[in-house]
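# Fold and geometry: a report
Spelled out, the chains give:
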Amino acid sequence: MSLRFLPVSPRALLVELPDLERVLALHQALTRDPVAGLAETIPAARTLMIRTLPGHPADGALAAAVAARLPEDGSARLTPTGPPIEIPLRYDGEDLPGVAALMGLSTTEVIAAHQDTVWQVGFCGFAPGFAYMTCADPRFDLPRHPSPRTRIPTGSVALAARFCGIYPQDTPGGWQLIGTTPVPMWDMRRAPPALLAPGMRVRFVAHRAGLRPSARLPEARQPEPAPAPQTPALTIRATAFPLLFQDEGRAGQASQGISGSGALDLGALRRANRAVGNPSGAAALEVTLGPLWLRAERAVTLALSGAAGRIEILAPQGPLSAPPGQAFALDPGEELLVHPPERGMRSYLALRGGFRVARVLGSAARDTLAMIGPDPLGAGAGLVAGELATLATSDPGPGPLLPRPGDLVELPVTLGPRADWLAPDQIERFLATEWRVSPQSSRVGIRLSADRPLTLARKDELPSEATEAGAVQLPHSGQPVLFLADHPLTGGYPVIATLLPRALDLAGQIPPGARIRFTAERVFAPIQPTGGPA
C-alpha cells in the first residue's frame, strides 16, 4: 500500500493514506501498540497527524516504525454504537440553492436526499463537538467555498467533501451551509460534553421540537453549587480589550477537537511567573495591547512581562514607575495603570500565589475559538488570589525585543505538509514576499495579505486534515492565514508551511501593520522511512 509521510514540524508529521478506512486502521494499530516517543495521533479524512514527545524527532526512523504498524489488509471499520440519532434540522442555509445547483437537483430533492442518508461519525476535530459525518452517497462530494467565512453561526449544518458537520459554536469556516439545528453539539454540563462520537450514526429530520433520543446520549450533569464569594485581591477599573486567563494550555486533547490554546507568548508568561516566585506555568492574565487600569484591594506582589512598556503605580504620594518584567508591590487602595505598548501585542500579569481560577479540562486557559475556559474579564471584575506554593521573587532577565507596526519580522518555517500544492515559482514567491499583518487577526490566527496573492497548482478539494499551531494555511484566495494557539484543529485548505516551535512566541506578539517574511532552511520533500521499526 502506498503511504506518504509529510513534514509538519520537528516533532510532527502527517501520514497520508488512500482513504478513511486505512486512516482508522493505522490509528487503531498505533493506539494498541504505540511507537516509541509517540505523544498523540489525530485522525482525519485521509491523513493521520503524529506528534512526538520531546527528544523524539519526526523523521525517517519514526516513519519506518509507523509504517510497520499498519495492518496488512489496511482495513478498519467503525462499529455502530446503536440506532441512529435523529437530529431536527431547519433547511434555511444560505448555500442551499448553490448546493442544489452543484448536485444537479432541486432544493426539495437535496433536502430529501439529505434526510434519506444515514450519516456516520468518522472522526472529530476542527472544534470541540464538531463531528465529521460521512456517507455513501457520492452526490454529497461538494467543494468548500474559495475563502472561508469569518463567522458561521452556532448550530449551522454544512456539507463539504462528502462530509456533513454541525458547528458547535460561532467559528470561521468554508463549508456549504444548508440549515440550522437547535441541538447543542458541545455542552460542558454533559459527560462527555460532545453529543456525537466516532461510530455514532445520525439521521436528519424536518425541524421538530427537539432531539429524538433513538440512541444513548450523554447525560447532563447536575450543576455544581456556586462557590462562596471571595474578596478580590485586585479589581479591574478599565480595560481596552477583555482580559483572558492563560496558562501553558491543554495538552493531549486534540483527538476531541480541543486545541492546546494557552498563552500566545509562553516565554513571557513564564518570565512573569518566575519574577513573583510562582510555578512557571501558573495561570496569569493575558493583556492585549492596553491601556489597563487595576486597583489593589489588599497588599499584592505582581509582575508584568511581554509587550508592556510603561507601567505606573498610582500611589498616595504620587505616581511611581514599575519595572517591566520584575516584581513590584501594591498596597491596598493603590492603582496600576498599564499603558499601550510601543512594541508587541500581549503582556502577562502574574500575581504572587497565583489567581483563584477554575480549570476546565485540566487548564485555566481561555480558548477563544472553542469558548472553553474561564470567561473573559472586563471592567468591574474582581480577581481573587490563589494559594500556590511560591519561591523567592527573582529577576528573570529581559525578554526579546518585540516588533512594532511597520517592522519586518522573519519567521522560520518547515515547508509542508502541502507545499507541493504550489509550483516551485510560487514557493519562491511565498518566501520572498513581505506579507502584511491585517487588523483582522486574533488568537485564532493572523490574516496576511500581499498585492500578488499566491496561486495553487491544484484546484481539487483537500480532504480535512489536522493542523498545528503555526500552520500557514492557504485558502483559494491566495492570501495566507497563520494559525496561532486557538486555531481549528482540522481544516480543508492546504497548509503550505508550519512555523518552527521557537518562533511561536514571536508570532503571538506581531501587531497589525507589521510585515512578515517566512524563511526555510530546506526545500520541501516527503519524509523517507529509514532504519528498522521501533
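Everything discussed here concerns the structure shown above.
I will try to describe carefully the structure that is included in this document.

Scoring rules and cut-offs
Residues numbered from 1 in each chain as written. Predicted model: local features only at pLDDT ≥ 70, side-chain atom pairs only at ≥ 80, totals over all residues. Heavy atoms only, no water. Helix = DSSP H or I, 4+ residues; strand = E, 2+ residues; numbered from the N terminus. Rg over C-alpha atoms; globule rule 2.2 N^0.38 Å. Buried < 20%, exposed > 50% of the residue type's maximum accessible area, 1.4 Å probe, protein only. Contact = heavy atoms within 4.5 Å. Areas by Shrake-Rupley, 256 points an atom, 1.4 Å probe, with all protein chains shown as cover. Lys, Arg positive; Asp, Glu negative; His and termini not counted. Charge placed at Lys NZ, Arg CZ, Asp CG, Glu CD. Polar contact = N/O pair within 3.5 Å; in protein donor to acceptor, adjacent residues only side chain to side chain. Salt bridge = Lys/Arg side-chain N within 4 Å of Asp/Glu carboxyl O. Arc of directions from axis to C-beta. Core = buried A, V, L, I, M, F, W, Y, C linked by side-chain atoms within 4.5 Å. Pairing = 2+ DSSP bridges. Axes fitted to C-alpha atoms, helices over the stretch in contact; angles between N-to-C directions. Phe/Tyr/Trp six-rings, centres within 6.5 Å; stacked < 30°, edge-to-face > 60°. Lys NZ or Arg CZ within 6 Å of the ring centre and 35° of its normal.

### A look at the overall build of the protein chain
From N to C terminus, the protein chain includes seven helices and 35 strands. The C-alpha radius of gyration computed for the protein chain amounts to 24 Å, which stays within 12% of the reference 24 Å derived for 534 residues, consistent with globular compactness. Dimensions along the principal axes, computed over C-alpha positions, put the protein chain at roughly 75 × 55 × 45 Å. Looking at the protein chain as a whole, 55% of its 534 residues are labelled buried. Counting only contacts in the protein chain whose residues sit at least 6 apart along the sequence, the fraction spanning at least 24 positions is 75%. On the protein chain, roughly 22,000 Å² of surface is accessible, and the fraction owed to carbon and sulfur atoms is 53%. In the protein chain, which carries 49 positive and 48 negative side-chain charges, the distance between the mean positions of the two groups comes to 1 Å.

### Here's the deal with the environment of Asp95
Residue placement: Asp95 occurs in the loop between strand 5 (85-89) and helix 3 (96-103). Residue Asp95 is classed as buried on the basis of its relative accessible area, which comes to 8%. Sequence spacing of Asp95 and Ile178 is 83 residues, and the spatial spacing of their C-alpha atoms is 5.7 Å. Excluding residues that lie within four positions of it along the chain, Asp95 makes contacts with His145, Arg149, Trp175, Gln176 and Leu177. At 2.9 Å, the side chain of Asp95 forms a polar contact with the side chain of His145.

### Focus: the pattern of salt bridges
Enumeration according to the criterion identifies 29 salt bridges in this entry. Note that Asp170 and Arg151 form a salt bridge whose closest N and O atoms lie 3.0 Å from each other. One end of the pair, Asp170, is in the loop between strand 10 (163-166) and strand 11 (171-173); the other, Arg151, is in strand 8 (residues 149-152), and 19 residues separate them in sequence. Note that Glu465 and Arg418 form a salt bridge whose closest N and O atoms lie 2.9 Å from each other.

### Notes on the side chain of His339
Considering the arrangement of structural elements, one finds His339 in the loop between strand 24 (335-338) and strand 25 (346-351). With relative accessibility at 17%, the residue His339 sits in the buried group. Of note is the side chain of His339, whose polar atom sits 2.7 Å from the side chain of Glu312. Here His339 is in contact with Arg310 and Glu312, once residues within four sequence places are set aside.

### Considerations on helix 4 (residues 107-116)
Listed in full, the buried residues belonging to helix 4 are Val110, Ala113 and His114. Taken around the axis of helix 4, the buried residues stretch over an arc of 100 degrees, which confines them to a single face. For helix 4, the exposed residues lying more than 90 degrees away from the buried face are Thr108 and Asp116.

### Looking at the nonpolar core
Within the largest apolar cluster, 52 residues are counted, with the highest numbers of intra-cluster contacts made by Leu411, Phe430, Leu482 and Phe518. Once residues lying within four places of it in the same chain are set aside, the contact partners of Phe430 are Leu415, Trp435, Leu454, Val472, Ile496, Ala497 and Phe518. Counting residues in hydrophobic clusters, the runner-up holds 31 residues, among them Leu105, Cys135, Ile178 and Val183.

### Observations regarding the side chain of Arg429
Take Arg429: it is sitting in helix 6 (residues 424-432). Buried within the structure, Arg429 lacks any salt-bridge partner; Asp425 is the closest side chain of opposite charge, at an N-O distance of 5.8 Å. Only 3.2 Å separates the side chain of Arg429 from the side chain of Gln426, close enough to count as a polar contact. Of note is the side chain of Arg429, whose polar atom sits 3.0 Å from the backbone oxygen of Arg452.

### Comments concerning the sheet that holds strand 3 (residues 38-43)
Working definition: the strands of a sheet are paired by backbone hydrogen bonds and lie parallel or antiparallel to each other. Spatially, four strands are ordered 1-2-4-3 in an open sheet, and the strand pairing comes out antiparallel. Both edges of this open sheet fall to strand 1 (4-9) and strand 3, since each of them pairs with a single strand only. For this sheet, the mean angle separating the axes of adjacent strands, direction not counted, is 25 degrees. Across five bridges, strand 3 lies against strand 4 (residues 47-52) in antiparallel orientation. Residue pairing for strand 4: Thr41 is matched across the bridge by Ile50.

### With respect to the sheet that holds strand 17 (residues 244-246)
Read from one edge of the open sheet, five strands run 17-18-25-20-23, paired in antiparallel fashion. Sheet topology places strand 17 and strand 23 (328-330) at the edges, where each strand pairs with a single neighbour. Averaged over all pairs of adjacent strands, the angle between their axes in this sheet comes to 35 degrees, without regard to strand direction. Sheet analysis places strand 18 (residues 284-288) next to strand 25, joined by four bridges and oriented antiparallel. Counterpart to Val287 in the pairing with strand 25 is Ser347. Packing of helix 5 (residues 266-276) onto the sheet brings it into contact with strand 17, strand 18, strand 20 (300-306) and strand 25, and relative to strand 20 it is tilted by some 155 degrees.

### Here we look at the packing of aromatic side chains
Counted under the stated rule, the structure contains twelve aromatic pairs. On the basis of an interplanar angle of 65 degrees and a centroid distance of 5.1 Å, the ring pair of Phe126 and Phe130 is categorised as edge-to-face. Assessed through its relative accessible area of 1%, Phe130 is described here as buried. Pairing Phe126 with Tyr167 gives two aromatic rings, centres 5.7 Å apart and planes at 90 degrees, and the pair type is edge-to-face. Of the two residues, Phe126 sits in the loop between strand 6 (119-124) and strand 7 (131-134) while Tyr167 sits in the loop between strand 10 and strand 11, which places them 41 residues apart along the sequence. Note on accessibility: Phe126 and Tyr167 belong to one class, buried. Among the aromatic side chains, those forming a connected cluster through ring pairs are Phe123, Phe126, Phe130, Tyr132, Phe163, Tyr167 and Trp175. Stacked on the ring of Trp293, the Lys or Arg Arg237 has its end atom at 4.2 Å from the ring centre.

These results come straight from atomic positions and should not be treated as a statement about function.
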